[in-house]
Amino acid sequence: MALSLSNFLLPLALLLSSTARCATVTYDFDVGWTYANPDGQRTRPVMGINGQWPIPPIVATKGDQVIVNVKNSLGNESTSLHFHGLYMNGTSHMDGVIAVTQCGIPPGSSFTYNFTVDQPGTYWYHTHERGQYPDGLRGPLIIHDPEDPHQDLYDEEIVLTLSDWYHDLMHGLLASFMSVANPSGAEPVPQAALFNDTQDLAVRVEPGKTYLFRMVNMGAFAAQYVWFEEHTMRIVEVDGVYTEPMEADMIYLTAAQRCSVLVTAKNDTSANFAFVGSMDQDLFDAVPDGLNPNVTGWLVYDDSKEKPAPKLIDAFEPFDDFELVPYDQEELLDRVDHSITLDLKMDNLADGANYAFFNDITYVHPKVPTLYTVLSTGPNATNPIIYGENTNAFVLAQNQVIEIILNNDDPGKHPFHLHGHAFQVITRSPDDAGFYDPANTPEPPSTPMRRDTILVRPNGHTVLRFRSDNPGVWLFHCHIEWHVASGLVATIVESPLAVQAQLMDSIPSDHWDVCAAAGVPTQGNAAGNVGDLADLRGANVAPGRIPDGFTARGIVALVFSCISALVGLAVIGWYGFKPV
Ligand SMILES: *[C@@H]1O[C@H](CO)[C@@H](O)[C@H](O)[C@H]1NC(C)=O
Ligand SMILES: *[C@@H]1O[C@H](CO)[C@@H](O)[C@H](O)[C@H]1NC(C)=O
Ligand SMILES: *[C@@H]1O[C@H](CO)[C@@H](O)[C@H](O)[C@H]1NC(C)=O
Ligand SMILES: *[C@@H]1O[C@H](CO)[C@@H](O)[C@H](O)[C@H]1NC(C)=O
Ligand SMILES: *[C@@H]1O[C@H](CO)[C@@H](O)[C@H](O)[C@H]1NC(C)=O
Ligand SMILES: *[C@@H]1O[C@H](CO)[C@@H](O)[C@H](O)[C@H]1NC(C)=O
Ligand SMILES: *[C@@H]1O[C@H](CO)[C@@H](O)[C@H](O)[C@H]1NC(C)=O
Ligand SMILES: [Cu+2]
């Protein structure tokens, strides 16, 4: 009897648990222009979804299948969606990066993203068309966890996005940023900071309750300092990685980073309290007069009481995320199989604009999306040459410990993001420490912090490690959108033969359809050559180098004087031909 009962119950339990894990969450997203005025200073066109902006959050549970049907109704721009922080294990073709894992979805076309989520936590999604997401096509992505180790510590969760905000559209801003008229590469400074795509956000809280604030910085450029007046935060998750709870009075969240904190409400409702986001103005070359770098929200205990102005603080002293310990205590990857060094610098090229380089190479997207080069080149896919010089391609073998040494030969702060992985942070230098020198570096932590986006400090370095256990094509790039445009991008081609085995026959037809609609080739090397894969003639390349003997300043002056001479000629011509 007992035997037959368990024979009956066990399969039922398995059936129930497997159906519970296999929920399908479907979103139909019609991407189009709408209008918004989130900072109350200017109404501007924004990229919305189904006529709405802010765009909706994507919410699922660990184990779910997520389907996102995208229709591009923008009319005048191609687009895509990238799901930031999701490993896309076995579905690299769903990573959403134009010219890397797919072609842009041209206006009028549709495209379906289809993937499973096996990782809980706080993520976000955004278009990965060049320079596009600051126009508004970015939102939070939350994966709930039935087995969240911290679930007994809080009562409710609250999603809180942060962002910088521009009054002008990216199309025009990018043109003036990447221009001979901006030889120093000064990035456009945002006009405002936002919480949840607005300002003066009221968050109603109940006395005694503990809230999990899932913070996401969806900004284009600015990192923000964040603090809650008279409330301590306990950090429990960064970038989808649970951490041992650690107290912090202030955190620093770069563009693309996430941080979940527990905040316990006071026991009485006698006052409301401000919380503040403050953009890191060190990032701005020049701070425009009248810029308010701050955005304020309130923990509202009592609607009838005043919402006090935030108190000014003297110094920004944020928690150092390097101190964090992952909840799973994953040990240091201490035997490195393959080390990659990336030296970062900024410089001018012959067109006079300012570019960003890894190892003297600025990223220029290939003619054939890199994933399709992997799929169409057989055994030659392991040869980095075929991906073209300007993709900065590194081919990784499977299941090795990979190290990235990042040397920042630039006085700016940069938040680096790796697709397809979270990495251990082995070391991060203070400002001005120069290049990495293992002989002169503290012992790494035994259980290093892991995340998918890390700040490297001015003229400093950081060292990251991960295991190459996720075949695919993954970008490694600065998440300041201006620096993506100026080329601060490398391509990681991870286990290309395993990618072929996984995906050769399973790329859905809409991938090829959008390429055909956009006229983009899908076979061969970076130049689209199929006969001789070592022949990269015709590949996309960067503007030439400034000739020896010319300084950057000199060439810029030269280009400028040519332009003014041409303008002068045009003016003479115009007057000359003007009928009298
Ligand atoms: C695209 O269309 C939007 C909405 O009409 C408009 O504001 C924007 O300037 C257009 N962009 C370009 C590059 O023409
Ligand atoms: C999503 O992918 C799964 C697994 O490959 C497949 O079974 C399913 O049909 C796909 N769904 C859609 C809507 O494409
Ligand atoms: C912020 O926006 C998200 C959706 O993006 C919403 O779920 C959340 O409730 C909002 N938070 C607050 C405090 O209003
Ligand atoms: C609120 O009251 C509870 C029970 O008396 C106490 O344990 C807790 O420390 C108090 N919380 C605060 C923030 O004062
Ligand atoms: C923004 O907040 C910082 C920190 O409190 C303060 O120093 C600064 O004066 C504030 N700026 C404005 C414009 O309110
Ligand atoms: C990807 O899946 C493989 C096989 O299940 C697993 O061994 C590996 O750890 C996964 N990688 C990541 C980054 O999730
Ligand atoms: C692939 O690589 C092999 C070995 O280097 C070479 O002989 C062959 O010509 C390459 N194939 C193509 C299509 O370029
Ligand atoms: Cu950068």
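Scroll up to find the structure.
Each value, and the rule that gives it
Residues numbered from 1 in each chain as written. Chains lettered and ligands numbered in written order. Predicted model: local features only at pLDDT ≥ 70, side-chain atom pairs only at ≥ 80, totals over all residues. Heavy atoms only, no water. Salt bridge = Lys/Arg side-chain N within 4 Å of Asp/Glu carboxyl O. Buried < 20%, exposed > 50% of the residue type's maximum accessible area, 1.4 Å probe, protein only. Helix = DSSP H or I, 4+ residues; strand = E, 2+ residues; numbered from the N terminus. Pairing = 2+ DSSP bridges. Axes fitted to C-alpha atoms, helices over the stretch in contact; angles between N-to-C directions. Arc of directions from axis to C-beta. Contact = heavy atoms within 4.5 Å. Core = buried A, V, L, I, M, F, W, Y, C linked by side-chain atoms within 4.5 Å. Disulfide = S-S within 2.5 Å.

Caption draft 1: Examining the pattern of salt bridges more closely. Considering all chains together, one arrives at 25 salt bridges under this definition. Note that Lys-305 and Asp-302 form a salt bridge whose closest N and O atoms lie 2.7 Å from each other. Taking relative accessible area as the criterion, Asp-302 reaches 18% and is therefore assigned buried. Linking Arg-450 and Asp-328 is a salt bridge whose minimum nitrogen-to-oxygen distance equals 2.8 Å. Of this pair, Arg-450 sits in strand E26 (residues 450–451) while Asp-328 sits in the loop between strand E19 (294–300) and strand E20 (338–348), and the two are 122 residues apart along the sequence. The class for Arg-450 is buried, based on a relative accessible area of 13%.

Caption draft 2: Examining the sheet that holds strand E17 (residues 258–264) more closely. Taken in spatial order, the six strands of this open sheet run E10-E9-E12-E17-E14-E15, and their pairing is mixed. Two strands lie at the open edges of the sheet, namely strand E10 (192–195) and strand E15 (241–248), each paired on one side alone. Averaged over all neighbouring strand pairs, the angle between strand axes comes to 25 degrees, with direction disregarded. Summarising the sheet, strand E14 (residues 233–238) and E17 pair through four bridges and their orientation is antiparallel. Each residue of the ladder has a partner; that of Val-238, found in E17, is Cys-259.

Caption draft 3: Focus on the sheet that holds strand E29 (residues 472–478). Pairing within the open sheet is mixed, and its five strands lie in the order E22-E30-E29-E24-E27. The outermost strands of the open sheet, each flanked by one partner alone, are strand E22 (393–396) and strand E27 (453–456). Across the sheet, the mean angle from the axis of one strand to that of its neighbour is 20 degrees, orientation sign disregarded. Examined bridge by bridge, strand E24 (residues 414–418) and E27 share four bridges and lie antiparallel to one another.

Caption draft 4: Just helix H6 (residues 509–518), in detail. Buried residues of H6: Asp-510, His-511, Val-514 and Cys-515, and no others. All buried residues of H6 project into a common sector of 140 degrees when viewed along the axis, lining one side. Of the exposed residues in H6, the ones pointing more than 90 degrees away from its buried face are Ser-509, Ala-516 and Ala-517. On the buried face of H6, the contacting elements are strand E6 (110–116) and helix H3 (370–376). Positive phi shows up at Gly-519, right after H6, with a value of about 70 degrees.

Caption draft 5: Examining unusual backbone geometry more closely. Here Trp-53 and Pro-54 are connected by a cis peptide whose omega angle stands at 0 degrees. Inspection of the secondary structure puts Pro-54 in the loop between strand E2 (44–49) and strand E3 (58–61). Positive phi values are uncommon outside glycine, yet Gln-329 reaches one of about 55 degrees. Relative to the assigned elements, Gln-329 resides in the loop between E19 and E20. The phi dihedral of Ser-495 falls on the positive side, at around 50 degrees, and the residue is not glycine. By relative accessible area, Ser-495 is classed as buried at 6%.

Caption draft 6: Examining the nonpolar core more closely. Within the largest apolar cluster, 142 residues are counted, with the highest numbers of intra-cluster contacts made by Val-68, Phe-83, Tyr-113, Phe-213, Met-215, Phe-416 and Phe-476. Excluding anything up to four places from it in sequence, Tyr-113 contacts Val-66, Ile-67, Val-68, Val-70, Ser-80, Leu-81, Phe-83, Met-94, Gly-96, Gln-102 and Ile-105. By size, the runner-up hydrophobic cluster in this structure holds five residues, among which are Trp-124, Tyr-133, Val-216 and Met-218.

Caption draft 7: Just the state of the cysteines, in detail. Across all of its chains, the model carries one disulfide by this definition. Note that Cys-103 is cross-linked by a disulfide to Cys-515, the S-S spacing being 2.0 Å. Taking the sign of the S-S torsion, about 95 degrees here, the bridge from Cys-103 to Cys-515 comes out right-handed. With Cys-103 in the loop between strand E5 (82–84) and E6 and Cys-515 in helix H6, the pair connects residues that are 412 residues apart, well separated along the chain.

Structural measurements only, silent on function.
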